[in-house]
Amino acid sequence: RKKMNKKILILFAGTIFLSVTSCKKSFLEVPPQGQITEAQALIDPAAADNLVTGVYNTLYSQGTVGLRWAVVNQIASDDADKGSTPSENGFGVKDIDDFTFTASNENFNSLWTAHYQGITRANKALDILGKSTFDSSIKRRLSGEVRFLRGLYYFNLVRLFGGVPKITQIILPSEANNDEFQTRATKDEIYALIIDDMQYAVDNLPLKGDADTKVGRANKGVAESFLAKVYLYLKDYQKAYDLSLDVINSGKYSLVSDYATIFRESGANNNESIFEVETGPSKSPTGSCDAISPNFSNFQGPRAKGAWTNNVDGKPYDGDLGFGMNSPTSDLANAYEPDDIRKAGTIIFIDPVNPTILWDGFAIPNQSLVQNERYNYKGYQSPFKETPSCDGYLDKDNKPKNIRLMRFAEVLLINAEAALHTGNDAAGPLNLVRERAHVADEPATEANILNERRLELAMEGDRFLDLVRQGRAGVVMRAH
């Protein structure tokens, strides 16, 4: 009993000590550990750079440029079907493919929420950068990167929804329901914001390869390329032409010879890449494995009707490769000319009798054991010849896969289309793209250029909104 009383007294004494010291020295107010504080970011360029990285991290969401974007911009088009099990409506994808969706479809909410989360993070970063005290040139560069990302997110939103709430500042919880943050801006107002943000990026970002540039971060060529695309949507062809020509003349980009390798790990950030989402395996603080591009590759991977076993390099692989969604249509497959190498680089064709052997030696069973006839080759992540997730090659959910958002080939096609409307050389850039595809040169007509966009950018998440931009979505989709 005496020993017990002694322990109680010691504990009680310690409690009194803690209470007294906490009152005098804010003992419990411990600064955040392992986090960037606003105070750090205001004075330290390295901390501010990490703050900007946090804005880039919003690109990894399913609802920004990941699988949800593929649903509403690819599966909704004539280039792709829902795929997978025909009657299945997971993710609300069948309703999108059939044009029977309502406003409650989860894909729209995911896109809306994720884009505004990215915009919110951008606004916070810009607020801190605006008050920072370090070198002004670094501040302008970092602000240019953030404003490019905010412009990109608003560009996606305005194309999907038209006018949306225009939010360019930090909103306190008590202000969230204020009319100014709940009111829908006009489409023109949002485009004006996009142009302002991206032009700031053009004016303040260095060229690719300059000392302050990093792989995967926005640079002047990235901003010019996307701003050219914005002007293409606005039919301001002269500005689209000038900006795309500047990217072409910069000498920083070129077409790679092997089209199929662009979308493999070996093709990440190659000479043709202008902007892509940098992905890879990562572990959370708790040690669990998370994909930086959650479900993007798995969403599109070939799906089996039942279990099947594969063997590559002595490693067994049981089951399918994914959900089997975003399946290329026969309409897209038939649109290619006979010698066009892009067809084989874009579509996995499942053999009706024999196994289909992919570029890495992986064998997919014949059509009797696989749900669909075609799959997106550009979305394929090799479980054996490319970096696996942190859970190993058998992990089918978390596959690292860079998402290509802008390639030099698209800049050439933007230039060709803008040149056609401004009296400049449109055939030159158009046929550079065609020559790489091993097809003959053709006249630079509007129909030819638009068809070339379809074939070159097939399954890259651009088709449906491109049809809307061209004013052809109704005619094309009704015929499809």
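Residues numbered from 1 in each chain as written. Predicted model: local features only at pLDDT ≥ 70, side-chain atom pairs only at ≥ 80, totals over all residues. Heavy atoms only, no water.

Concerning helix H3 (residues 45–56)
Quick reminder of the rule: Under the DSSP-based scheme used, a helix requires at least four consecutive residues in state H or I and a strand at least two consecutive residues in state E, with every element numbered from the N terminus. A helix is expected to span 1.5 Å multiplied by its residue count minus one. Relative accessibility decides the category of a residue: with a 1.4 Å probe and only protein chains considered, values under 20% of the type maximum give buried, values over 50% give exposed, and everything between is partly exposed. Polar contact is defined as a pair of N or O atoms within 3.5 Å, subject to the rule that within protein one atom must be able to donate a hydrogen and the other to accept it, and that residues adjacent in sequence are counted only when both atoms are side-chain atoms.
Its twelve residues give H3 an end-to-end C-alpha distance of 17 Å, which sits within 8% of 16 Å, the value for a rise of 1.5 Å per residue. The complete set of buried residues in H3 reads Ala47, Ala48, Asp49, Leu51, Val52, Gly54, Val55 and Tyr56. The backbone nitrogen of Ala46 has a side-chain oxygen 3.0 Å away, supplied by the residue at the start of H3, namely Asp44.

As for the pattern of salt bridges
In a structure, side chains of opposite charge can pair up when their charged atoms sit close to one another. To keep it simple, the criterion reads: A side-chain nitrogen of Lys or Arg and a carboxyl oxygen of Asp or Glu constitute a salt bridge if their distance falls within 4 Å.
In the structure shown here, the tally under the stated rule is 40 salt bridges. In this structure, the salt-bridge partner of Lys131 is Glu38, at a minimum N-O distance of 3.2 Å. Of this pair, Lys131 sits in helix H6 (residues 106–131) while Glu38 sits in helix H2 (residues 38–43), and the two are 93 residues apart along the sequence. You can call Lys131 partly exposed: its relative accessible area is 45%. Among the ionic pairs, Arg141 bridges to Glu145, the shortest N-O distance being 3.5 Å. Of this pair, Arg141 and Glu145 both sit in helix H7 (residues 136–161), four residues apart, which is roughly one turn of the helix. You'll find Arg141 and Glu145 in the same group, each marked buried. Beyond isolated ion pairs, a larger network of salt bridges with shared partners links Glu272, Glu337, Asp340, Arg342, Lys378, Arg407, Arg434, Arg436, Glu442, Glu452, Glu456 and Glu460.

Description of unusual backbone geometry
The phi angle at Asn269 is positive, at roughly 55°, despite the residue not being glycine. Turning to its location among the elements, Asn269 is positioned in the loop between helix H11 (237–249) and strand E2 (273–277). Of note in this structure, His438 is not a glycine but carries a positive phi near 70°. You can see His438 is positioned in the loop between helix H16 (427–436) and helix H17 (446–456).

A closer look at the confidence of the model for the chain
Quick reminder of the rule: pLDDT measures the predictor's confidence residue by residue and takes values from 0 up to 100. What makes two residues a contact is simply this: any of their non-hydrogen atoms within 4.5 Å.
Mean pLDDT for the chain: 88, with 85% of residues reaching 70 or above. For the stretch residues 1–25, pLDDT sits under 50, and the model shows four contacts to residues farther than four places along the chain or on other chains.

Examining the packing of helix H10 (residues 220–233) against helix H15 (residues 408–422)
Short version of the rule: Axis lines are fitted to C-alpha atoms, over the contacting stretch for helices. Their N-to-C directions set the angle, which ranges from 0 to 180 degrees. Helix crossings get a hand from a simple test, with the near helix turned counterclockwise from the far one by less than a right angle marking a left-handed crossing and a clockwise turn marking a right-handed one. Gly is placed with the polar residues, together with every amino acid not listed as nonpolar (Ala, Val, Leu, Ile, Met, Phe, Trp, Tyr, Cys and Pro) or charged (Asp, Glu, Lys and Arg).
Running from N to C, H10 and H15 point in directions that differ by 35°, and their axes come no closer than 10 Å. The hand of the H10/H15 crossing is left-handed. Between H10, through Ser225, Ala228, Lys229 and Leu232, and H15, the contact on the second element is made entirely by Glu410, Val411, Ile414 and Glu417. Here the contact of H10 with H15 is composed, by residue class, of four nonpolar, one polar and three charged.

Things to note about the nonpolar core
Heads up, the rule is: The criterion is simple. A nonpolar core is a set of buried Ala, Val, Leu, Ile, Met, Phe, Trp, Tyr and Cys residues joined through side-chain atoms within 4.5 Å.
Leu59, Phe148, Tyr154, Ile194, Phe226 and Phe275 are the most contacted members of the largest nonpolar core, which totals 93 residues. With ten residues, H7 is the single largest residue contributor to this core. Ala304, Phe362, Val370 and Phe384 belong to the second-largest nonpolar core, a separate cluster that totals 13 residues.

Thoughts on the side chain of Arg264
Note the cut-off: By the counting scheme adopted, Arg and Lys are positive, Glu and Asp are negative, and His together with the chain ends is not counted.
One can find Arg264 in the loop between H11 and E2. Buried charge without a salt bridge: Arg264, with Asp258 as the nearest opposite-charge side chain at an N-O distance of 5.4 Å. Non-local contacts of Arg264, meaning those with residues more than four positions away in its chain, are made with Trp359, Glu386, Lys401 and Arg404.

Some remarks on the packing of aromatic side chains
As a reminder of what qualifies: By convention, a stacked pair of Phe, Tyr or Trp rings (six-membered ring in the case of Trp) has centres within 6.5 Å and planes under 30 degrees apart, an edge-to-face pair has planes over 60 apart, and any other such pair is tilted.
Enumeration according to the criterion identifies 16 aromatic pairs in this entry. Ring geometry for Trp112 and Tyr116: centres 5.2 Å apart, planes at 50°, overall tilted. Note that Trp112 and Tyr116 are positioned in helix H6 at a spacing of four residues, about one turn of the helix. In this structure Trp112 comes out as partly exposed when scored by relative accessible area, which is 32%. You can call Tyr116 buried: its relative accessible area is 10%. Geometrically, the ring pair formed by Phe155 and Tyr233 is edge-to-face, given 5.3 Å between the ring centres and 85° between the ring planes.

Here's the deal with the side chain of Asn431
Mapping Asn431 onto the fold places it in helix H16. The class for Asn431 is buried, based on a relative accessible area of 7%. Here Glu442 takes part through its backbone nitrogen, which lies 3.0 Å from a polar atom of the side chain of Asn431. Those residues within four positions of Asn431 in sequence are excluded, and the remaining contacts are Asp441 and Glu442.

Some remarks on the environment of Ser225
Inspection of the secondary structure assignment puts Ser225 in helix H10. In this structure Ser225 comes out as buried when scored by relative accessible area, which is 1%. Along the primary structure Ser225 and Phe408 are separated by 183 residues, whereas in three dimensions their C-alpha atoms are 8.6 Å apart. Setting aside anything within four residues of it in sequence, one finds Ser225 in contact with Val247, Ile274, Met406, Val411 and Ile414. Engagement of the side chain of Ser225 in a polar contact is seen with the backbone oxygen of Gly221, the distance being 2.7 Å.

Here's the deal with H11
In a regular helix each residue adds 1.5 Å, so 13 residues correspond to 18 Å; H11 covers 18 Å between its end C-alpha atoms and thus fits that length. By the burial criterion, the buried members of H11 are Tyr237, Ala240, Tyr241, Leu243, Ser244 and Val247. Those residues of H11 that are buried lie in contact with H10, E2 and H15. A positive phi of about 75° marks Gly251, the residue just after H11.

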